[in-house]
Structures are given as C-alpha cells and as structure tokens.
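Below are the chains, spelled out letter by letter.
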Amino acid sequence: MDCPCGIFFYPRARLKGFVVHLLKEQQAAQRERAFALLSFESKRGIVVVVVLISRQVSSFTNISFFSQNTQTLKNNRRRIQKTITRSEAIAQQPKENQTMSAMSNTKSVAAIILGGGAGSRLYPLTKTRSKPAVPIGGAYRLIDVPMSNCINSGINKVYILTQFNSASLNRHLAKTYNFGNGIVNGGSGFVEVLAATQTPTSTEWFQGTADAVRQYSWLYTDVKNKDVEDIVILSGDHLYRMNYMDFVNHHRRTNADITIAVLPLDDKRASDFGLMKCDENLRIFEFSEKPKGDALKAMQVDTTLLGLSAAEAKQKPYIASMGIYVFKKSSLDEFLNKKYADNHDFGGEIIPFAARDGYNVQAYLFNDYWEDIGTIKSFFEANLNLAADEPDFEFYDADSPIYTSPRYLPPAKIQNCEVKNAIISHGCSLSDCKVNDAIIGIRSNIGKGANIDHAMIIGADLYESEEQRAALLGAGEIPIGIGEGSVIKNAIIDKNARVGKNCTITNVNNVDFDDNEAAHPNYFIRDGVVVVLQGATIPDGTTI
C-alpha cells in the first residue's frame, strides 16, 4: 500500500459547517479497492483527514471541502497542505480527450535568450564579459533573471545566443543550470549556449537580433524540438519577474503569429523604445522604432484600452515594446527564412513589417516592474534601488525565486559597523566602517574607517587569507577590497579591484563622462558614475 496520498491538516475551530465529500469511483471494482480513514486528534484541536488508496486504482478519489461560509473557505485555502504520492500523480494523468496539462503546455515551448551585442553602453563593465554576465544585486548575474523566469514558468528548453566575451557567461551557466540530468522531466530539458560562428553557408557574425536567431533556425526545427509549437524570444539584460506561460497562453488564445510584451510609458522614456498602436482587441496595426519629435507625439494613444485608469492613461500615453516576444514556430521560420530573409532585426524590421503585411501581431500588457539594464546609469540606479526601504524589485520571492550559482559561502561578518539601506552578500567581511545606500557583493572586504555611501562594490572571485593580506601590505602592495579610511561614493567598484588606504572615489569634479583610458587606465566615468575596472589597483591616497 502506498504512503498517504492526501493528508489535510485543519484547525478544529475552522471545521464547523464543513462537510467532507468522498466522491468515489463509479466502478465497483475500483470502489472496493479505495477506502478512507478519518482520525480525529481532539486533544490537539486538529482534525487529520487521511485518504489511502491502492496502486491499482486508476483515478484518485476526489476530496473537496465545503463551508456554509464560502468566503471563509477562500481566505483559508492557502493554509491547506497536501502531499501527493507517485501513484496519485500517475492516477491523475489526463485522458487523451482531456485538456492538455500545464506540463504538456510548457513542453511545447522553447526559449531563446539574446546575449546582446558588444555592450558599449555598459562599458567598462562589459570590457571582459558579455552583458548577461554582468553581476547584479550583490550575488546574481543578469542572465539569472530570464533563466529563473523560465524555470518558474516551467520552460526547460533554453538556448542562449552570444557573440562577445562569452567565457564567464558560459562558466556561470555550466555551474548553475543543468536541466538534462535525467531527473527533471526525464532529462528532456536543456540549456545550450550558441556562439556566433562561421559555416560553409554563412561567413557573417550575427547582424542583428533576428539574424542571430536565423543562423540557428535549424535547431528549433530539429527532431528534439519536434513538440515545440511556440518560441519565446527574451533579452539577457532586463530586470523583472514574469510568468512566461501567461504570456504564451495569451498568444495561443488569440492565435497570434507574434505577441509582444508591452508596458505603458510616459513622455520621458518613450523615445528610447519601440512604440505601437493597437485596436480594441490589442492587435497591433502600427509600429515605430524609437521615434523622436513629431514622430513620437504621433504615437500617443489612449492606453485605457490596456486596462489603465483614466488618470494613469493620461500620465502614460504610449505603448512600448519590452523587447520580449512569442512567435508561433511556423511563423518564425517563415519570417526569417522566406518572407523577410534579408532583414536582420526584430524590433526595427521583422515585427513592423509583419504588422504592416496583415499578420496577427498581438500586444500583451505587463504592467509591473521592468527595467532595461542597458546603460551605466540604469544599471547603477536599479542596483541601489534593491537596497531601498521599499524597493521596486526584490530578488527574493517564495513563489518565484531568482536562482544563481550555489557558492557555499559563509554568512557575512560585520563588526562594529553602521549599516543603513544596504545589501551585504554572503562571504563579506566588514569592520568598523559605515555603509549606506549600497550593494556589497560576495566576498567583499571593507577595511576599518571606510565609508561606502551610494555605491556598489561588486565583490571578488576569491578570498585572500589574513596571512596573504598581511604579506601584501608588508610588501607595499594592496589586497583585494576597500582599504582602511577610504571613501567611496557615487561609484561602482568592479570585481577583484584593489582600492588602497585613504582613497577618495567620489567624482569630486562632477564629471559626467570621461573615458580617457590612456590618462587613467584603472577607471572610467559614465553618466557621472565612477567605474573602477575589474582587477584594477587604486594606490593609497588616490582621489578621483
């Protein structure tokens, strides 16, 4: 006999008026094999309903609780705990004529994450790494966001297209994500990194987002993807939390060729995005890529059609593309290899042309937090917002966590410090310092008397022992981390940087842009933010 396949714990005080209905199988043979055992632990004030069932029963007994007060049941539904055995899971498999299960739906979806171009707007953080590999939030990398959204949505067929500085990204993915181990979904899942390459039929690197997918279009028509019906195209440099299956299901309900995730925007940011106009059914009939001036004003619409209130619609009169798409697989193949074979970009060419030519291009509203981490300014502000008293986004969510590489580091060690509105990651060591409005990344070492204010310390890839640090200091060299008495403000200190004692890195001259690498090879200034390069050494007493 199996372990209990349905166990419910409920406070006795809340069971008043409840009726336990055991709707057994109609066939006598099955009914004889199934039985229910109800035991009452009145001393503890708890009622335990245990339902046992033999392996031979093909369909599990249906148990439901009803209350005279329906609202009470709704409010307490989350408190019900249920365990399911393997036999119950098998017994509950849908029949062929029933609606496809959620798992079957996700198996028919694949995701492609675009690694982006050279990342010039995020330079120098992208000097030795690709955009998706840029660290964020003290312990994560940007690629963890779309990867975790895929996992939480049940999508386990993932391709990642890269072209620039992909070594650290490949290493992180290999250590963190492995769907093909035979345990999850029978080993049918995978994460594959696809780098730009030259072939006998194509000697060009990726020419754009659409061209990158085109060059590997043979993969999604391969036999291992024979069940895939829809393909989600994602970006590797966005910060948000989204259930992609809600997105896909909207795409399927509307029988769309392309569905675009959109969000309402105000005048300040609209010109940085692809904008569109939709009819009352959210079918897109006009698209404009990053319009300016009069062209921008011409793209204003009544965004109440997205479900916004009149006041919200007045503040946000534009519908902007998030750069996230769902394509019907057959349509994607047609667009890339037949209809628009000479076009290389999704947002600027393929999608506007498809809408113009009468294809069903739909909009899907995502009216939640979303940030394009495309510039040093947006990256810096999004990171510091994570440490705010009421942040716009949090990496922790019990239902939809953001995953990253398991590093098995000890908790942070903080001695005699003043800390306010900060994230301090595992493996850090802080002593007699002040930290305010800051992100302190993994394995960071902050010396005595240091002051970290409105800054991001990305962290380190390795530890230096106390003996190693003492030896470096004794030889007149600088250990990894922030030296004693240094002041860091309005700055990003990249990984493995060595900042000496009594340094001042605050952009004292309020410079907005300085990339004179010949004059100062260890730092840049972008959008008014000082960025100390990965592995750089800043000598004692330096002022920036």
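These figures come from a predicted structure and were not determined experimentally.

**Brief notes about the confidence of the model for the protein**
In step 1: Model confidence for the protein is summarised by a mean pLDDT of 80, while 77% of its residues fall at 70 or above.
In step 2: Across residues 1–104 the pLDDT falls below 50, and counting only partners more than four positions away or on other chains, this stretch makes 122 contacts in the model.

**Notes on unusual backbone geometry**
In step 1: Backbone torsion omega between Y123 and P124 reads 15°, so that peptide bond is classified as cis.
In step 2: Along the polypeptide, P124 turns up in the loop between β6 (109–114) and β7 (135–136).
In step 3: With a phi angle near 60°, R443 is a residue other than glycine that sits in the positive phi range.
In step 4: Tracing the chain through its elements places R443 in the loop between β22 (434–440) and β23 (445–446).
In step 5: We classify R443 as buried; its relative accessible area is 16%.
In step 6: A positive phi angle is found at H454, which is not glycine, with a value near 50°.
In step 7: Examined against the element boundaries, H454 turns out to sit in strand β24 (residues 451–457).
In step 8: Owing to a relative accessible area of 29%, H454 belongs among the partly exposed residues under this scheme.

**Observations regarding the side chain of E371**
In step 1: Mapped onto the elements of the fold, E371 is located in strand β18 (residues 370–372).
In step 2: For E371, a relative accessible area of 18% corresponds to the buried category.
In step 3: Separated by 3.5 Å, the side chains of E371 and R269 make a polar contact.
In step 4: If we ignore the near neighbours within four places in the chain, the residues touching E371 are D237, H238, L239, R269, S378 and A382.

**Remarks on the packing of aromatic side chains**
In step 1: Per the counting criterion, the structure on display carries 16 aromatic pairs.
In step 2: Ring centres of Y369 and F393 lie 5.8 Å apart, and the angle between their planes is 35°; this geometry places the pair in the tilted category. Remark: F393 occurs in the loop between α15 (376–386) and β19 (413–415) and Y369 occurs in the loop between β17 (361–365) and β18; sequence separation between them is 24 residues. Both residues of the pair, Y369 and F393, count as buried.
In step 3: Between F393 and F395 the ring centres are 5.4 Å apart and the planes differ by 90°, which places this aromatic pair in the edge-to-face class. The same class applies to F393 as to F395, namely buried.
In step 4: Site record: aromatic cluster; members linked through ring pairs are Y325, F327, F335, Y340, F346, F353 and Y359.

The rules behind the values
- Note on numbering: residues in each chain are counted from 1, in written sequence order.
- Two thresholds apply to this predicted model, a pLDDT of at least 70 for residue-level local features and 80 or more for giving and counting side-chain atom pairs, whereas whole-chain, interface and lining totals are computed over all residues.
- Just so you know, side-chain values use all the structure's heavy atoms and leave hydrogens and water out.
- pLDDT is a residue-level measure of predictor confidence that goes from 0 to 100.
- Contacts are assigned to residue pairs that have any heavy atoms within 4.5 Å of one another.
- Numbering of helices and strands starts at the N terminus; helices are DSSP runs of H or I of at least 4 residues and strands are runs of E of at least 2.
- Categorising residues by exposure relies on relative accessible area from a 1.4 Å probe, with only protein chains included: less than 20% of the type maximum marks a residue as buried, more than 50% marks it as exposed, and the intermediate range marks it as partly exposed.
- In the analysis that follows, any N or O atom pair within 3.5 Å is treated as a polar contact, provided that within protein one partner can donate a hydrogen and the other can accept it, and provided that, for residues neighboring in sequence, both atoms belong to side chains.
- Centres within 6.5 Å are what make two rings of Phe, Tyr or Trp a pair, Trp counting through its six-membered ring; a difference in plane orientation under 30 degrees is then read as stacked, over 60 as edge-to-face, and the rest as tilted.

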